[in-house]
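# Chain and residue survey
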Amino acid sequence: VDLSPFMTASSTSEARAAVVSAWDAALSGPGFARITGHGVDASAIEALFDEASAFFSSPLEAKLEHKLGDGYGAFGAYTPAGVESVGRTEDGSEEAPPDLVVGRSGGMPALSAAPTSPAQRPPSPP
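Presented here is an overview of the structure given in this document. A quick note: this is a predicted structure, and the numbers were derived from the prediction, not measured. (Residues numbered from 1 in each chain as written. Predicted model: local features only at pLDDT ≥ 70, side-chain atom pairs only at ≥ 80, totals over all residues. Heavy atoms only, no water.)

What follows is about the packing of aromatic side chains. Summed over the entire model, instances satisfying the criterion amount to two aromatic pairs. Ring centres of F55 and F56 lie 5.1 Å apart, and the angle between their planes is 85°; this geometry places the pair in the edge-to-face category. Look at F55 and you get buried, because its relative accessible area is 1%. For the pair F55 and Y78, a centre-to-centre distance of 5.7 Å together with 65° between the ring planes defines the contact as edge-to-face. Here Y78 lies in strand β1 (residues 77-79) and F55 lies in helix α2 (residues 42-56), a separation of 23 residues in the sequence. The pair formed by F55 and Y78 is uniform in burial state, with each residue classed as buried. These aromatic residues form a ring-pair network of at least three members: F55, F56 and Y78. (Phe/Tyr/Trp six-rings, centres within 6.5 Å; stacked < 30°, edge-to-face > 60°. Buried < 20%, exposed > 50% of the residue type's maximum accessible area, 1.4 Å probe, protein only. Helix = DSSP H or I, 4+ residues; strand = E, 2+ residues; numbered from the N terminus.)

Moving on, we get to the environment of F56. Secondary-structure assignment places F56 in helix α2. Separated by 22 residues in sequence, F56 and Y78 have C-alpha atoms that sit 9.9 Å apart.

Moving on: a nonpolar patch on the surface. Among the surface-exposed residues, F6, M7 and V20 lie close enough to one another that they form a single nonpolar patch of about 300 Å² accessible area. The residue M7 is located in the segment before α1 (13-27) in this model. (Patch = residues over 30% accessible without salt bridge, like charges linked within 9 Å, V, L, I, M, F, W, Y side chains within 5 Å. Areas by Shrake-Rupley, 256 points an atom, 1.4 Å probe, with all protein chains shown as cover. Salt bridge = Lys/Arg side-chain N within 4 Å of Asp/Glu carboxyl O.)

The following block contains the structure:
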């Protein structure tokens, strides 16, 4: 999904509406979206990709050291599979099965720097 119409003041509302439609089409069902036209330097993206690859290929025990709580990244760091559930979000039912998704929030390099919340964050895995 090309975000460039939102990055320039001269873009038309029609061009921005097309981005919204593309975003909706990409994320209305299973799958993912590749975002372009955002203006983030390629070297920053590459560094984040490398850090994420290193983190997610580390052993589960190392990742769990970054788990600061349960729930959609609201508590930061690592969220293991089985915590989130889109089904519970959509219908409010506690009966919906958990998702098989894992995540890490808070920006990869920041986790190896000084803590940004009252909870002490462990160092990034090697």
